[in-house]
Amino acid sequence: MDRRSGAGADAGAAGRQGRLGVGIVAVTSPLPGDGLRRLAGVHQVRMHPTGSPVSGDELAAFAAGADALVTLLADRVDARVFAACPGLRIVANVAVGYNNIDADAARAAGVWVTNTPDVLTEATADLTWALILAVTRRVVEGDRVLRGGGFTGWRPDFMLGAGLQERVLGIVGMGRIGRAVARRAAGFGVRVRYHDRVPVAPEHAAGAAFVAGLDELLAGADILSLHTPATPDTRHLLDARRLHLLPRGAYVVNTSRGEVVDEAALVAALEDGHLGGAGLDVYEREPAVHPGLLGRSDVVLLPHLGSATLTARVAMADVAIENVLAALAGRTPPTPVVTPPPPR
Ligand code: GLV
């Protein structure tokens with residue numbers, strides 16, 4: 001594997017030997033598992049010297065001349081990259097979300113875009129429940145209190161939280177992860193309602209009730225969990241108005257994308273006492289976190305750990321590598337999200 005950023009420096013070495021020969025694969029970050037080693041046995045791998053995030057002109061310069069590009073969710077892939085890589089066949093994103101990639105520009109350039117669905121579903125649903133429990137039962141706050149010397153003995157009124165039984169969990173976005181979150185709810189005695197564009201088949205709903213209107217879902221949700229992709233339509237889906245539709249004392253949990261929530265409005269709804277708390281794994285300007293969240297004891301803040309199990313992360317890398325191998329062999333990659341139009 002090469003570790004250099006010199007655009008095109010290796011293009012001469014391997015060359016693009018015809019459509020299905022050895023390709024140049026630009027990779028922005030080391031990945032867990034042995035997928036990259038397998039890839040390097042077949043193609044020429046060009047590693048970014050410092051690693052993700054890499055965006056804009058820097059990414060275009062790094063990827064120039066590549067046949068395939070492997071990216072992380074913090075790398076921004078826009079038209080500049082496609083212009084710099086006329087032979088590019090695939091952008092393989094190591095994430096289920098692909099809002100970091102300009103899908104229209106990829107389609108126009110005739111490039112596959114792939115993601116890594118399924119393999120992270122259970123890990124992300126588990127982490128969602130970790131946040132639900134942590135924020136409703138004040139787990140992280142309790143740990144801090146104890147370490148700070150605040151545990152002086154059991155008291156009947158000490159650090160009381162909210163129980164889950166008979167509460168309503170509202171799920172926004174009933175895709176794979178939303179459904180996996182719903183499946184786990186039965187064990188906690190929570191009633192689940194969900195909103196999506198259309199109802200899912202009953203066998204996928206895990207007993208959750210469909211609510212056609214988002215506002216209606218919010219009005220009845222004691223805990224709201226977001227599982228919708230970031231698109232122009234879902235940006236600030238949870239804004240000040242909608243946050244205040246939630247019942248007073250409700251909790252907001254987000255393991256999807258930060259952009260779905262207006263973070264400043266969320267801080268305001270916590271500050272004015274409308275919300276009971278929030279459990280967040282993702283942020284609007286990641287890795288920056290709104291300063292109004294950092295000092296609060298009623299929020300639990302995680303550093304984007306939804307898929308962070310070794311099993312899931314190795315599987316994500318493997319899926320991305322399989323996508324690259326397929327595209328460079330002229331096959332349809334296993335998990336496409338943008339399919340290039342057939343050549344005319
Ligand atoms: C993580 O956030 C992912 O999209 O995989």
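Residues numbered from 1 in each chain as written. Predicted model: local features only at pLDDT ≥ 70, side-chain atom pairs only at ≥ 80, totals over all residues. Heavy atoms only, no water.

**A short note on the domain arrangement of the protein**
Accessible area lost upon the coming together of the parts serves often as the stated size of an interface. Applicable threshold: The start and end points of each domain follow an automatic or database-based domain assignment. The contact rule is simple, with two residues in contact once any of their heavy atoms fall within 4.5 Å. Two parts placed together each lose some accessible area under a 1.4 Å probe, and the buried area is that loss summed for both. The term salt bridge refers to a pairing of a side-chain nitrogen on Lys or Arg with a carboxyl oxygen on Asp or Glu at a separation within 4 Å.
On domain assignment, one finds that the protein holds domain 1 (7-119 + 310-338) and domain 2 (121-301). On a C-alpha basis, the centres of domain 1 and domain 2 stand 33 Å from each other. Contact with domain 1, which involves nine residues of that partner, is made by six residues of domain 2. Carbon and sulfur atoms supply 42% of the area that domain 1 and domain 2 bury against each other, a total of about 600 Å² over both sides. The largest share of the area that domain 1 buries against domain 2 comes from L73, N99 and D118, three residues that together contribute 63% of it. The salt bridge involving R176 is made with D118; its shortest N-O contact spans 2.8 Å.

**Focus on the site of the ligand**
Heads up, the rule is: Note on terminology: near, applied to a residue and a molecule or strand, indicates that one of the residue's heavy atoms is within 4 Å of it. Polar contacts here mean pairs of N or O atoms no more than 3.5 Å apart (in protein, one a potential hydrogen donor and the other a potential acceptor; neighbouring residues in sequence count only if both atoms are side-chain atoms). Note that Gly is not counted as nonpolar here; it falls among the polar residues with everything else outside the nonpolar set of Ala, Val, Leu, Ile, Met, Phe, Trp, Tyr, Cys and Pro and the charged set of Asp, Glu, Lys and Arg.
Around the ligand sit L73, A95, V96, G97, L120, R257, H304 and M316, and that is every residue in its neighbourhood. V96 is positioned such that a nitrogen or oxygen atom in its backbone is 2.8 Å from an oxygen atom of the ligand. For the ligand, an oxygen atom lies 2.9 Å from a polar atom in the backbone of G97. Split into classes, the residues belonging to the shell around the ligand amount to five nonpolar, two polar and one charged.

**Let's talk about the packing of aromatic side chains**
Quick note on the threshold: Under the pairing criterion, centres of Phe, Tyr and Trp rings, with the six-membered ring standing for Trp, must be within 6.5 Å; the plane angle then separates stacked pairs below 30 degrees from edge-to-face pairs above 60, leaving the rest tilted. Here a strand is any run of E in DSSP of at least two residues, a helix any run of H or I of at least four, and the numbering for each starts at the N terminus. Here's how the labels work: a residue is buried when its accessible area is under 20% of the maximum for its type, exposed when over 50%, partly exposed in between, all with a 1.4 Å probe on protein chains only.
Applying the stated criterion to the full structure yields three aromatic pairs. For the pair W129 and F188, a centre-to-centre distance of 4.7 Å together with 10 degrees between the ring planes defines the contact as stacked. You can see W129 sitting in helix α6 (residues 121-136) and its partner F188 sitting in the loop between α8 (176-185) and β8 (191-195), a full 59 residues away along the chain. Residue class for W129 comes out buried when judged on its relative accessible area of 4%. F188 gets classed as partly exposed once you look at its relative accessible area, which sits at 29%. Measuring from centroid to centroid gives 5.5 Å for Y194 and F210, while their planes differ by 55 degrees, and the two rings are tilted.

**Section: the pattern of salt bridges**
Taken as a whole and judged by the stated rule, the model has 20 salt bridges. Between R184 and D126 there is a salt bridge, with the nearest N and O atoms lying 2.8 Å from each other. Residue R184 is found in helix α8, and its partner D126 is found in helix α6; the two are separated by 58 residues along the sequence. Judged by its relative accessible area of 43%, D126 falls in the partly exposed class. Through salt bridges with shared partners, a single network forms among D34, R38, D318 and E322.

**Let's talk about the nonpolar core**
Heads up, the condition is: Nonpolar core, defined: a set of buried Ala, Val, Leu, Ile, Met, Phe, Trp, Tyr and Cys residues in which side-chain atoms within 4.5 Å join the residues together.
In terms of nonpolar packing, the biggest core is built from 48 residues, with V25, L39, V70, W129, L169, I171 and V324 touching the most fellow members. Counting the residues that make up this core, at least three belong to each of domain 1 (7-119 + 310-338) and domain 2 (121-301). Once residues lying within four places of it in the same chain are set aside, the contact partners of V324 are V25, L39, A68, V70, I90 and A92. In terms of nonpolar packing, the next biggest core, distinct from the first, is built from 27 residues, V172, L214, V252 and L270 among them.

**Description of unusual backbone geometry**
In the segment running from S52 into P53, the intervening peptide bond is cis, with an omega of 0 degrees. Tracing the sequence through the fold places P53 in the loop between β3 (44-47) and α3 (56-63). P287 follows E286 through a cis peptide bond whose omega is 5 degrees. With respect to the helices and strands, the residue P287 is situated in the loop between β12 (275-280) and α13 (291-294). If you check the backbone angles, R138 has positive phi at about 60 degrees while not being a glycine. Tracing the chain through its elements places R138 in the loop between α6 and α7 (139-147). The exposure class of R138 is partly exposed, given its relative accessible area of 27%. Phi is positive for E166, close to 70 degrees, though the residue is something other than glycine. As for its placement among the helices and strands, E166 is situated in the loop between α7 and β7 (168-172). Under the relative-accessibility criterion, E166 is labelled exposed at 55%.

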